[in-house]
Amino acid sequence: LIFYVAGLTDGRQNMQQVFIAEQPHGIEQESELWSVLTAKAGHIAQHEDTGYHYMVLNDGRRYEGRPGRRDYSEVHFSTYGRLLDETQREIPLFTRALPSLQLWASDTLKHRAELQWRMAVPLSIPILGLLALGLGQSPPRSGRYARFLPGIVLYIAYYNCLSVSRRWVESGALNPQLGLWWVNGMALLCALGLFGYHLRVHRIILSRWQRYAHT
């Protein structure tokens, strides 16, 4: 299922330019149809009698068919309602759109992972800056871009660790208290280590330790 919304209005309650593409589970069977749905606007509504939540779309089109074939159907609608999965009381499509204060007050793993992600990304900026300073000092007689490849590798590893940790928190495989903080902590230690190495901090500490040992 691919779900895309171009914009949210009225306190993130109304959707604009909605796109939904759905692939059936049994794609190996030719009888299964794929569907693509577009709408100019939409919102989430709750049924008064059942209490179920529906995604209501307005002024759109729905296409159904099989990839590679031309015998697809096209339906234009003014109002289209789709029942959301009631096994999940939260609406997973809008986790990224929830306010941070609401995520802070929630104990749901998915909400805690989203909140930590929002905090980890800004924290990564100064940490990446320290890493850049540490990698910017090239050894003598080395090329100008000697540290370029290690910098790319560190950045990719840093971002991937954040993404994997986020998924682990969402699935419950990682303790939320540890969460994404260990990634920023390890990256900060690495940055400080590189920065201190170029400042020859280790030599200063070693020389002072040797003086202390002789005395």
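First things first, this report covers the structure right here in the doc.

Analysis parameters
Residues numbered from 1 in each chain as written. Predicted model: local features only at pLDDT ≥ 70, side-chain atom pairs only at ≥ 80, totals over all residues. Heavy atoms only, no water. Core = buried A, V, L, I, M, F, W, Y, C linked by side-chain atoms within 4.5 Å. Buried < 20%, exposed > 50% of the residue type's maximum accessible area, 1.4 Å probe, protein only. Helix = DSSP H or I, 4+ residues; strand = E, 2+ residues; numbered from the N terminus. Contact = heavy atoms within 4.5 Å. Pairing = 2+ DSSP bridges. Axes fitted to C-alpha atoms, helices over the stretch in contact; angles between N-to-C directions.

Most often, soluble globular proteins have nonpolar side chains that are buried together. Grouped together as the largest cluster of nonpolar side chains are 11 residues: Ala 113, Trp 117, Ala 120, Ile 127, Tyr 158, Leu 162, Val 169, Leu 174, Leu 180, Val 183 and Ala 187. Looking at this core, the elements that each hand over two or more residues are α2 (109-136), α3 (148-171) and α4 (181-198). The element contributing the most residues to this core is α2, with four residues. Those residues in contact with Ala 120 that sit more than four places away from it in its chain are Leu 162, Leu 180 and Asn 184. Met 15, Val 18, Ala 39 and Met 55 belong to the second largest nonpolar core, which has nine residues in total.

Here we come to the environment of Asn 160. Residue placement: Asn 160 occurs in helix α3. A relative accessible area of 40% means that Asn 160 is categorised as partly exposed. A sequence separation of 23 residues divides Asn 160 from Val 183, and the C-alpha atoms of the two residues are 9.8 Å apart.

So, on to the sheet that holds strand β1 (residues 2-9). The antiparallel open sheet is built from five strands, whose spatial order is β1-β2-β3-β4-β5. Only two strands of the sheet have a single neighbouring strand rather than two, namely β1 and β5 (73-83). Taken over all neighbouring pairs, the strand axes of this sheet differ in orientation by 20 degrees on average, direction set aside. Where β1 and strand β2 (residues 14-22) come together, seven bridges link them in antiparallel fashion.

This part takes up unusual backbone geometry. The phi angle at Gln 17 is positive, at roughly 50 degrees, despite the residue not being glycine. Topologically, Gln 17 is positioned in strand β2. According to the relative accessible area criterion, Gln 17 is partly exposed, its value standing at 45%. Its identity is not glycine, yet Asp 59 carries a phi of approximately 55 degrees, on the positive side. One can find Asp 59 in strand β4 (residues 53-65). Note on Asp 59: relative accessible area 33%, which makes it partly exposed.

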